[in-house]
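What follows is each chain in one-letter form.
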Amino acid sequence: MPDKELEKVYDPKKVEEKWTKRWEKDAISHADSQSEKPSFSIVIPPPNVTGSLHLGHALNSTLQDILSRWHRMRGDNVLWLPGMDHAGIATQNVVERQLAAEGGKDRHALGREAFIERVWDWKEESGGTILNQLKRLGASCDWERERFTMDEGLSRAVTTVFEQLYKEGLIYRDQRLINLCPHCRTALSDIEVEHEDIEGKMYYIKYPLADDPTQFLTIATTRPETMLGDTAVAVHPKDPRFNHLIGKKIKLPLTTREIPIIGDPILVDREKGTGAVKITPGHDFNDEKSGKRHQLEKISLITWSGKMNAAALDEAKVASDLSKLLSSKSMTEARKIVVKVLEDAAILTKTEKHMMSLGKCYRCKSVVEPFDSPQWFVKVNAPDNSLAQAAMDAVRQKKIRLIPESWEANYFGWMENIEDWCISRQIWWGHQVPVFYCKTCDQQHLLKVPDSDEMIIASEATPIVGEKTCARCGGSDLLQDPDVLDTWFSSALWPFSTLGWPTDQQPDEAAKQEAKALLKRFYPTSTLVSGFDILFFWVARMIMMGLHFMKDVPFKDVYIHALVRDANGQKMSKSKGNVINPLDLMDQYGTDALRFTLAAMASPGRDIKLSEARIEGYRNFCNKLWNVARFILMNRPETETSSTLDPQTAANRWIQSHLNQTIVSTNRALENYRFDEAAQEIYQFSWHTFCDWYLELAKVDLQNEATRHETYHCVVQTFESILRLLHPFMPFLTEELRTYFKEDTDCLAVSKYPVFDPEKNAVDAEEAIQKVVIDTIMAVRNIRGEMNIPPSESLPILIKAKDQAAVGAFEKEMPYIKRLARLSEVTLDTTLQKPEMSATATTAYGTIYLPLDEQRIRSEIDRIKKRLDKAQKALSVFEKKLGNEKFVANAPAEVVEKTKTEQQAGIQNKERLFSELQHLENFFSKPKETP
Ligand SMILES: [Zn+2]
Ligand SMILES: [Zn+2]
């Protein structure tokens, strides 16, 4: 054993820096692509390159690290693959803000290429802070295998996937409504739109018939400004009020257009509204579908920045005065103008309040507009090749387990209603769509946006995919599609693109072989640890892509963790000012304390209410372990025998047996992803069993020459096992402490995780220590408490054992009992009589009597009487307060509530003192003589 002194106080910072370096030097987390050992693999949910560590990451990474370290110690070949996401819109926004702050050119002035170069520069300089923060957290990722969604290999994977899906007809281009964020000036997928319920207005507008303007239909709408783009009015074909009008025409107010009245039983609900519905295929998703069913014209009134488009207003034949007023106005401004004109013309019959759902951009919170434009889509529900169906089957057939299982319902609910995935974005930072157009053949379809260097490709243009030349003219003067792919497109490939897929495109033979080996060893990955908020953005899409391209699931288990909230259960947000920075917590309490807290609170399906008191509590646990180590070192025997441990004493056999059970339950809890239970098992055993009881018992055996060596060995071995059990949770402290007990050149991180050993089970020792030793000591301690006898005072007791065997059991373990219960003398027999004045306690092995002298009881009675008096006085203060009507009526509710709680506590205190008093007074009431 190393012969060195442990510093007095645990300094987490020093220890953490030391071991971070050492793990890196020893490459403990390096995965071996050639190893024949069982594999365990995790891919990290790639944090945004713009990100910095928040508590959600800290929880997510702590749990992944616990699994990685635990499997590594179990002898698995572990790969925890780290990396980052290029985070399209988020990163572009960061750099654009930077340009604005510098006051120089904006991105359009800079031009696309120069701008992208700027983003790369930014990435090299400022991006990826988060990875260093993860290292500080102790994350044992294979840092040599760090990947980035825009690195070369991953970009090759993106192109390959795109081209293949295109050839299979699962990627297509179409002109249709998408969600436009006018601020970010890009399309968003459905799940990038956040919905918010707000109070809006319902407007009722008269639409006159073309052949008889005295007759009209009343239309109700929340968006009157879109009426300029109406191309029909629908009624229900079975509605006797209106169905005779089908085929007639409406003269659309504010325009010179006439639009048809059609019958549409899908769009119109006879029971609701006015029975007539305006159809605006260019501005509403449902209307677009109806428009398709009836071959209606689609008019889009706005531009990419969400402003009224003068050309479109002309096309819609809007009255020219109005058209001038509306041109370049936002939709909100346009609404005001249109409503005013309708009011003036007395066409607006009424308005009323109306609750409605408003879609907002998840990035910038701007109101999203349905916008008609050509975009790229992934077909997720192809009848003969359904990505969604395959992804549902994999979960239904348990090839993928969602943990907790309750998430399956959400998953199926979402997947059953999934729509085609819009994957094109009108930004610059990201994977540019790998599609080209012939500048010669498609000249008229490649449109330059006025006053901009941007291009719009009309939906009629012919895409060239996977070819270098145009099939029509043979020319090679091609223009690449200016759109980039949704960030989630590349992260959907993360579990296999990071391992080197597609292998045949690796730059050389060695890389090809390595990629093949990696994929063979580590795909499918074992476990994905994810927050529920990206279950659909990311997890579901990885399942679709993994199954399609790898013909196998991307991971077997998905552990879904909850949110970290503040101590009051509030979501942390900048606006509320309740955000806790994990780095501050690490500075203040040490990283291990934070990690342990997060693990101990990770109960399935429940959000974590993080209080600093909890972290402080586990910081104390760290200090406790440090002090225990010091205690053990101080008791090191002068001469050491290096015999293997074969414990004989009851205490030693008991602790080994107890440890064995803790090992079983900890491993089982981790197998079931019950991080909370595993943490609690180790905590309870370390603190309450090992420190509180075993070390006290061991002090007895350490003083005995015959049991000293055995006991010291047992103390050290048990403590060392605790360190190994605890390592995945508290990697830094455990590594450091272990060096004082084990002469080992290897890190604890690569030692063996404790396993169950049937030889160590000792039922008899468990029984003896628990029922004979601990129960007796607890009984004496309780009596001391009741009688207010100080722990330092030695006492005589009598034990009436239940039988002769019990006498033997007590005798055998008497040194422990005498020392820990502080007994001066013990009288032990099976036939003892209860001394007249004595306190009594009964255990499974006998009855304990503690003789009391009269003087002690009388002074205790006096003491309690005084306390009762005080308690009564305190209570009357509360009673007076709460009896005062003014106080109850005027004081803040929480003050009244607090007083009531204090009153309740006072009553309970008084009752307890009263029963203690009665108990003591009973000593002086003569027992009834039996006749
Ligand atoms: Zn936006
Ligand atoms: Zn051509």
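Definitions and limits used
Residues numbered from 1 in each chain as written. Chains lettered and ligands numbered in written order. Predicted model: local features only at pLDDT ≥ 70, side-chain atom pairs only at ≥ 80, totals over all residues. Heavy atoms only, no water. Helix = DSSP H or I, 4+ residues; strand = E, 2+ residues; numbered from the N terminus. Rg over C-alpha atoms; globule rule 2.2 N^0.38 Å. Buried < 20%, exposed > 50% of the residue type's maximum accessible area, 1.4 Å probe, protein only. Contact = heavy atoms within 4.5 Å. Areas by Shrake-Rupley, 256 points an atom, 1.4 Å probe, with all protein chains shown as cover. Lys, Arg positive; Asp, Glu negative; His and termini not counted. Charge placed at Lys NZ, Arg CZ, Asp CG, Glu CD. Salt bridge = Lys/Arg side-chain N within 4 Å of Asp/Glu carboxyl O. Core = buried A, V, L, I, M, F, W, Y, C linked by side-chain atoms within 4.5 Å. Donors = N, O, S within 2.8 Å, 3.2 Å for Na, K, Ca; no water. Tetrahedral: all angles 85-135°; square planar, octahedral: opposite > 155°, others 65-115°. Pairing = 2+ DSSP bridges. Axes fitted to C-alpha atoms, helices over the stretch in contact; angles between N-to-C directions. Domains from an automatic or database assignment. Phe/Tyr/Trp six-rings, centres within 6.5 Å; stacked < 30°, edge-to-face > 60°. Right-handed = clockwise from strand over helix to strand, strands pointing away. Polar contact = N/O pair within 3.5 Å; in protein donor to acceptor, adjacent residues only side chain to side chain.

### A few points about the overall build of the chain
Turning to step 1, where the next piece is worked out: Counting secondary structure elements, the chain contains 29 helices and 30 strands.
Turning to step 2, where the next piece is worked out: Rg of the C-alpha trace for the chain: 38 Å, well past the compact-globule value of 30 Å for 931 residues, more than 25% over.
Turning to step 3, where the next piece is worked out: Oriented by its inertia axes, the alpha-carbon framework of the chain measures out at about 115 × 85 × 55 Å.
Turning to step 4, where the next piece is worked out: Sorting the 931 residues of the chain into buried and exposed places 54% on the buried side.
Turning to step 5, where the next piece is worked out: Across the chain, contacts joining residues at least 24 apart in sequence account for 77% of those joining residues at least 6 apart.
Turning to step 6, where the next piece is worked out: Carbon and sulfur atoms form 49% of the exposed surface of the chain, whose accessible area is close to 43200 Å².
Turning to step 7, where the next piece is worked out: The averaged location of the 134 negative side-chain charges in the chain is 3 Å from the averaged location of its 121 positive side-chain charges.

### Details of the pattern of salt bridges
Turning to step 1, where the next piece is worked out: In this structure the tally under the stated criterion is 55 salt bridges.
Turning to step 2, where the next piece is worked out: With a shortest N-O distance of 3.2 Å, Glu225 and Arg223 are connected by a salt bridge. Comparing Glu225 with Arg223 shows no difference in burial state: the two are buried.
Turning to step 3, where the next piece is worked out: Among the salt bridges present, the one from Arg293 reaches Asp264, with a minimum N-O distance of 3.1 Å.

### Notes on the nonpolar core
Generally speaking, a soluble globular protein has its nonpolar side chains buried in company with each other.
Turning to step 1, where the next piece is worked out: Formed by 225 residues in total, the largest nonpolar core has its most connected members in Phe489, Met545, Phe596, Phe690, Tyr694, Phe719 and Phe729.
Turning to step 2, where the next piece is worked out: If one sorts the elements of this core by residue count, helix α22 (residues 675–702) sits on top with 16 residues.
Turning to step 3, where the next piece is worked out: Within the second largest apolar cluster, 43 residues are counted, among which are Ile219, Ile250, Ile299 and Ala316.

### A look at the coordination of the zinc ion (ligand 2)
Turning to step 1, where the next piece is worked out: Looking at the zinc ion (ligand 2), the protein donor atoms are Cys438 (SG), Cys441 (SG), Cys470 (SG) and Cys473 (SG), and they sit 2.2 to 2.3 Å from it.
Turning to step 2, where the next piece is worked out: Around the zinc ion (ligand 2) sit four donor atoms; with metal-centred angles ranging over 104 to 112 degrees, the donor geometry is tetrahedral.
Turning to step 3, where the next piece is worked out: Positions of the donor residues of the zinc ion (ligand 2) along the chain correspond to the pattern C-x2-C-x28-C-x2-C. Note that Cys441 is positioned in the loop between β18 (436–438) and β19 (446–448) and Cys470 in the loop between β20 (455–457) and β21 (478–480), a separation of 29 residues in sequence.

### Some words on the sheet that holds strand β7 (residues 193–208)
Turning to step 1, where the next piece is worked out: Taken together, three strands build an open sheet; the order of strands is β8-β7-β13 and the sheet is antiparallel. The sheet terminates laterally at β8 (216–221) and β13 (348–361), the two strands that pair on one side only. Strand-to-strand twist in this sheet, taken as the mean axis angle between neighbours without regard to direction, amounts to 20 degrees.
Turning to step 2, where the next piece is worked out: As judged from the 13 bridges shared by β7 and β13, these two strands associate in the antiparallel manner. Counterpart to Lys201 in the pairing with β13 is Lys353.

### What about the domain arrangement of the chain?
Turning to step 1, where the next piece is worked out: Domain annotation of the chain identifies domain 1 (34–169 + 385–411 + 487–561), domain 2 (186–361), domain 3 (436–479), domain 4 (582–761), domain 5 (766–852) and domain 6 (857–924).
Turning to step 2, where the next piece is worked out: Taking the mean C-alpha position of each, domain 4 and domain 6 sit 43 Å from one another.

### Comments concerning the packing of aromatic side chains
Turning to step 1, where the next piece is worked out: Counted by the stated rule, this structure contains 34 aromatic pairs.
Turning to step 2, where the next piece is worked out: Relative to Trp428, the ring of Phe115 has its centre 5.8 Å away and its plane inclined at 65 degrees; by these criteria the two rings are edge-to-face. Of this pair, Phe115 sits in helix α5 (residues 112–126) while Trp428 sits in the loop between β17 (424–425) and β18, and the two are 313 residues apart along the sequence.
Turning to step 3, where the next piece is worked out: Residue Trp428 is classed as buried on the basis of its relative accessible area, which comes to 4%.
Turning to step 4, where the next piece is worked out: The rings of Phe596, Tyr618, Phe621, Tyr683, Trp687 and Phe729 are connected pair by pair, giving a single aromatic cluster.

### What to know about the pairing of strand β2 (residues 77–81)
Turning to step 1, where the next piece is worked out: Along β2, five of the five residues are buried, which leaves the element largely enclosed by surrounding structure.
Turning to step 2, where the next piece is worked out: Burial along β2 is two-sided: Asn77, Leu79 and Leu81 facing one way and Val78 and Trp80 facing the other are all buried.
Turning to step 3, where the next piece is worked out: Taken together, the five bridges between strand β1 (residues 39–43) and β2 define a ladder with parallel strand orientation. In the sheet register, Ile42 faces β2, and the bridge partner there is Trp80.
Turning to step 4, where the next piece is worked out: Handedness of the crossover joining β1 and β2 through helix α2 (residues 55–73): right-handed.

### Focus on the side chain of Thr186
Turning to step 1, where the next piece is worked out: Relative to the elements of secondary structure, Thr186 occurs in strand β6 (residues 186–188).
Turning to step 2, where the next piece is worked out: Separated by 2.7 Å, the side chain of Thr186 and the backbone nitrogen of Gln426 make a polar contact.
Turning to step 3, where the next piece is worked out: Residues within four places of Thr186 in sequence aside, it is in contact with Ile89, Asn179, Leu180, Cys181, Arg425, Gln426 and Ile427.

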